[in-house]
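A closer look at the structure
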2 protein chains.
Amino acid sequence: MLKKLILIGCLTHILLEANAQEKILAPTPPMGWMTWNYFGVNINEQIIREMADAINHSGMMKAGYQYIMIDDGWQGGRDNKNNLIPDPQKFPSGIKALADYVHSKGLKLGIYSDAAPLTCAGYTASLHFEGQDAKTFAEWQIDYLKYDYCNAPADSLTAKIRYKTMADALRQSGREIVFGICEWGERQPWRWARNAGGQLWRTTFDVRDNWKSIIAIADMNFMLSHYAGPGHWNDPDMLVVGLYGNKGPSGDLGGTGCTDTEYQSQMSLWSMMAAPLIATNDVRNMNEETKKILLNDEVIAINQDALGKQAELKIKNETIYVLVKPLLQGSYAVAILNRSQILQNTTIDFAALGFAGKIELRDVWTKQQQKINGKWSGSIRPHETKLFTVKLVR
Amino acid sequence: MLKKLILIGCLTHILLEANAQEKILAPTPPMGWMTWNYFGVNINEQIIREMADAINHSGMMKAGYQYIMIDDGWQGGRDNKNNLIPDPQKFPSGIKALADYVHSKGLKLGIYSDAAPLTCAGYTASLHFEGQDAKTFAEWQIDYLKYDYCNAPADSLTAKIRYKTMADALRQSGREIVFGICEWGERQPWRWARNAGGQLWRTTFDVRDNWKSIIAIADMNFMLSHYAGPGHWNDPDMLVVGLYGNKGPSGDLGGTGCTDTEYQSQMSLWSMMAAPLIATNDVRNMNEETKKILLNDEVIAINQDALGKQAELKIKNETIYVLVKPLLQGSYAVAILNRSQILQNTTIDFAALGFAGKIELRDVWTKQQQKINGKWSGSIRPHETKLFTVKLVR
């Protein structure tokens, strides 16, 4: 018995040491901006520099958006030593110079590849070159890798092996690089992607710039709350906030657009789901509504709360969904979503949600506070999401 | 029983049909010129064009040398669709234009790759891209592929699989491309390379420009005579005839050089062994001795004899080796090699070799004929090879 206790003691000690040594990458959901939804493959170093400047000046960086993610279309092939090279027309100064620029603004740089011979857009990908490519990314001072799964076999085992191979290569690259697994939830990555070495994993198909897409993705992602936590996040894809159906140089990637209420709902729901907050609009030209949505510091604080809990769906009826997200130090956030296309006058029983007694609700969009005891009543516009923080009142 | 006979009949028919449909590639040993021993990786399209011109004008083409082989060092990497591209400095017009030029001279173009991520000289190779590269070679109108084995695992099974993969890809490329397997005899390729789809396979380490290298390679290759035949050849590597220790732009690839007698011996022995005759000297600048050796049509006829037999080593003593090669229509070639460093006065019992009665020997180097009955006596210089054709005299 003594032996056993000593053994357990030792194991605990070893585990504690291992945890202490391994720093958690992405302790809160990554925030940033990505090229794909607005620019598609029509990207270049000038665009990225302008975006870094815009994110730096617009207040986005201060609000927490730190990763600038180069998505598909940057690749120029491989040199005759198999080293990845960027498209020389699009990135004549090279990725390292671009990373230096982005870093000089206080931002981080993400890049994109795929677990197959070619990416989704049909460019050079990393299968069989994981070690070499991870080293290249590290040399370029890359901070984040989105790793796609186009042109790869459908089975789960192959996916797990290929993702683990790249995750291991990144870990051995000598640089801390966040690893985003992107196989669109088709092989239930929430069950294995964390063990494979991912800090986040897409849970669904690609988001499009319309409400139908947003709500369909949210519905799938709501159910996965207990898989999320610091360093391991469900990724329901990017924010389409501020796109307004403007497809930009990307061509036809986006949808037909959303209302500001719908964009605000996406921001609320994604924040509640502890989802990565990855903007995709043209941040060089944002209107005031878009800024209000993307830069609301109280909403972002809910998303970035260090407890790292994804909201649970507590009430689910035909028109109204209610989500509850525990926050640090015993506070909570609550979201009330009107899924219907008409205004809903509704009453939510907060006591039944577990908030017995007097509570103070703060609407983080309107900044208004109210005290309630048990029930909240109000009207919610079509596709609107009310977002409250909840404090117990003594 | 009747059923069985019919079945056998059908099978025979099917096999005959299959044989009739499948054209034999390399029905005689390939002849040509290769960049490696003189130029190393320092090649370019201008050199290849000049060689095509020189081979065309010098009589080499007329003598049968038809393949111009680009060896390692041509690669520029892969474009962003994973297509192989040539080094843009070395081959600014591209390989297809070069093939067109070479074909316009009545010659054929060979190229080089490797069954690993990188070649021997450390450039882009074809592992995992066999199908795509074979299609590229076919589009470029390539006629021959030398496929090396640097940076690949040592075991035989992997080698067989990798070579078969490329052979299958070449067969499916839509073009007839001769496939030369180059794993240096380390995995006894004579036992499996034909089934893997090679028309020839290197049997030894690389030849160097010195007698020691030539004779060491010959000694290994002599023993493999029964593996050779039309469309499937032992390859004891290239001819070093005419290099004279001149390393050219290749740097230090070659040896310190041979005497003309030794070069003539290599030509004799390689012809007897039905080896590929691949010159490596600077054919733009050949002296008369080199031309005499490389362009001897009777020696080449022995090599190219359509029966496709490799000579057998019939006499082997401390100083003298005698090889016998059956030719079409009942004639033979006989080579007598003096391995020692002194002149040997020797007598060979042709009757004991199977040539009973009166025979006519024609020395294909001196063009002199003599009739003998049973025995031949003569003097052979150090490292000289006497080469005779043998006719029965009625």
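Since this is a predicted model, take the numbers as computed values, not measurements.

Conventions used here
- Residues numbered from 1 in each chain as written.
- Chains lettered and ligands numbered in written order.
- Predicted model: local features only at pLDDT ≥ 70, side-chain atom pairs only at ≥ 80, totals over all residues.
- Heavy atoms only, no water.
- Helix = DSSP H or I, 4+ residues; strand = E, 2+ residues; numbered from the N terminus.
- Rg over C-alpha atoms; globule rule 2.2 N^0.38 Å.
- Buried < 20%, exposed > 50% of the residue type's maximum accessible area, 1.4 Å probe, protein only.
- Contact = heavy atoms within 4.5 Å.
- Areas by Shrake-Rupley, 256 points an atom, 1.4 Å probe, with all protein chains shown as cover.
- Lys, Arg positive; Asp, Glu negative; His and termini not counted.
- Charge placed at Lys NZ, Arg CZ, Asp CG, Glu CD.
- Phe/Tyr/Trp six-rings, centres within 6.5 Å; stacked < 30°, edge-to-face > 60°.
- Lys NZ or Arg CZ within 6 Å of the ring centre and 35° of its normal.
- Polar contact = N/O pair within 3.5 Å; in protein donor to acceptor, adjacent residues only side chain to side chain.
- Arc of directions from axis to C-beta.
- Buried area = accessible area lost by both parts, 1.4 Å probe.
- Salt bridge = Lys/Arg side-chain N within 4 Å of Asp/Glu carboxyl O.
- Expected span 1.5 Å × (residues − 1).
- Domains from an automatic or database assignment.
- Pairing = 2+ DSSP bridges.
- Axes fitted to C-alpha atoms, helices over the stretch in contact; angles between N-to-C directions.

On to the overall build of chain A. For chain A, the helix and strand inventory stands at 12 helices and 18 strands. The C-alpha radius of gyration computed for chain A amounts to 22 Å, which stays within 12% of the reference 21 Å derived for 394 residues, consistent with globular compactness. By residue count, 56% of the 394 residues in chain A fall in the buried class. Of the contacts formed within chain A by residues at least 6 apart in sequence, a portion of 70% connects residues at least 24 apart. Split by element, the accessible area of chain A, about 16400 Å² in all, is 52% carbon and sulfur. Counting 42 positive and 41 negative side-chain charges, chain A places the centres of these two groups 6 Å from one another.

Here we come to the packing of aromatic side chains. This structure, assessed with the given rule, holds 32 aromatic pairs over all chains. Geometrically, the ring pair formed by Phe222 of chain A and Tyr321 of chain A is tilted, given 5.9 Å between the ring centres and 55° between the ring planes. With Phe222 of chain A in helix H9 (residues 211-222) and Tyr321 of chain A in strand S12 (residues 320-326), this residue pair connects regions lying 99 residues apart in the sequence. Judged on exposure class, the residue Phe222 of chain A and its partner Tyr321 of chain A are both buried. Each residue in the set Tyr147, Tyr149, Tyr163, Phe179 and Trp192 of chain A is aromatic and connected to the rest through ring pairs, giving one cluster. One Lys or Arg, Arg78 of chain B, reaches over the ring of Phe129 of chain B and ends 4.0 Å from the middle of that ring.

Attention now goes to the environment of Gln141 of chain B. Residue and element names in this part refer to chain B. By secondary structure assignment, the location of Gln141 is in the loop between helix H6 (130-139) and strand S6 (144-148). Between the C-alpha atom of Gln141 and that of Glu176, which follows or precedes it by 35 residues, the distance is 9.3 Å. Beyond its immediate stretch of four places on either side in the chain, Gln141 contacts Lys96, Ala99, His103 and Arg175. A polar contact is formed between the side chain of Gln141 and the side chain of Arg175, at a distance of 3.2 Å.

Moving on, we come to unusual backbone geometry. Residues and elements named next belong to chain A. Of note, the phi angle at Gln141 is positive, near 70°, even though the residue is not glycine. Judged by its relative accessible area of 28%, Gln141 falls in the partly exposed class. A positive phi angle, near 50°, is found at Ala274, a position not held by glycine. With respect to the helices and strands, Ala274 occurs in the loop between helix H10 (260-272) and strand S10 (277-279).

What follows covers helix H12 (residues 297-304) of chain A. Residue and element names in this part refer to chain A. Listed in full, the buried residues belonging to H12 are Val299, Ile300, Ile302 and Asn303. On an axial view of H12, the arc spanned by its buried residues comes to 155°, and they lie on one face. Two to three positions downstream of the cap, the backbone nitrogen of Glu298 sits 2.9 Å from a side-chain oxygen, assigning the N-cap of H12 to Asn296.

So, about the interface of chain B and chain A. At the junction of the two partners, chain B supplies 17 residues and chain A supplies 17 residues. Summed over both partners, the interface of chain B with chain A buries about 1300 Å², with 46% contributed by carbon and sulfur atoms. Here chain B and chain A share zero salt bridges between them. Connecting chain B to chain A are 10 residue pairs in polar contact (both at pLDDT 80 or more).

All names here are of chain B. Helix length check: helix H3 (residues 45-57), at 13 residues, gives a terminal C-alpha distance of 18 Å against a target of 18 Å (1.5 Å per residue), a fit within 8%. Taken as a whole, H3 has its buried residues at Glu45, Ile47, Ile48, Met51, Ala52, Ala54 and Ile55. The elements touched by buried residues of H3 are strand S1 (31-34), helix H2 (36-39), helix H4 (60-63), strand S2 (67-69), helix H5 (94-104) and strand S5 (108-114). Put simply, Asn44 is the residue that caps the front of H3, since its side-chain oxygen is 2.9 Å from the backbone nitrogen of Gln46. Directly beyond the C-terminal end of H3, a positive phi value near 95° is found at Gly59.

For the rest of this paragraph, the subject is the pattern of salt bridges. Residue and element names in this part refer to chain B. Counted under the stated rule, the structure contains 46 salt bridges over all chains. In this structure, the salt-bridge partner of Arg78 is Asp133, at a minimum N-O distance of 2.9 Å. One end of the pair, Arg78, is in strand S3 (residues 75-78); the other, Asp133, is in helix H6, and 55 residues separate them in sequence. Residue Asp143 pairs with Arg175 through a salt bridge whose shortest N-O separation is 2.5 Å. In this pair, Asp143 is assigned in the loop between H6 and S6 and Arg175 in the loop between helix H7 (156-171) and strand S7 (178-182), connecting sequence segments 32 residues apart. Taking relative accessible area as the criterion, Asp143 reaches 7% and is therefore assigned buried.

What follows concerns the environment of Tyr144 of chain A. Residues and elements named next belong to chain A. Examined against the element boundaries, Tyr144 turns out to sit in strand S6 (residues 144-148). Owing to a relative accessible area of 4%, Tyr144 belongs among the buried residues under this scheme. When the C-alpha positions of Tyr144 and Lys108 are compared, they lie 8.0 Å apart, and in sequence the two are 36 residues distant. Those residues in contact with Tyr144, other than ones at most four positions away along the chain, are Pro30, Tyr67, Met69, Leu109, Gly110, Ile111, Ile177, Val178, Gly180 and Leu200.

Residue and element names in this part refer to chain A. The assigned domain composition of chain A is domain 1 (26-303) and domain 2 (312-392). Between domain 1 and domain 2, the C-alpha centre-to-centre distance is 30 Å. On the domain 2 side, the residues contacting the 24 residues of domain 1 number 24 residues. Buried area between domain 1 and domain 2, summed over both chains or domains, comes out near 2000 Å², and the portion from carbon and sulfur atoms is 64%.

Residue and element names in this part refer to chain A. The six strands lie next to each other as S11-S12-S13-S18-S15-S16, forming an open sheet whose pairing is antiparallel. Strands with a single pairing partner mark the edges of an open sheet, and in this sheet they are strand S11 (312-316) and strand S16 (369-373). Each strand axis lies, on average, 30° off the axis of its neighbour in the sheet, ignoring direction. The pairing of strand S13 (residues 332-338) with strand S18 (residues 385-392) spans six bridges and is antiparallel. Counterpart to Ala335 in the pairing with S18 is Leu387. Against the sheet, H9 touches S11, S12 and S13, its axis set at about 55° to S12. Those strands touched by H12 are S12, S13, strand S15 (358-363) and S18, and its axis lies near 70° from that of S18.

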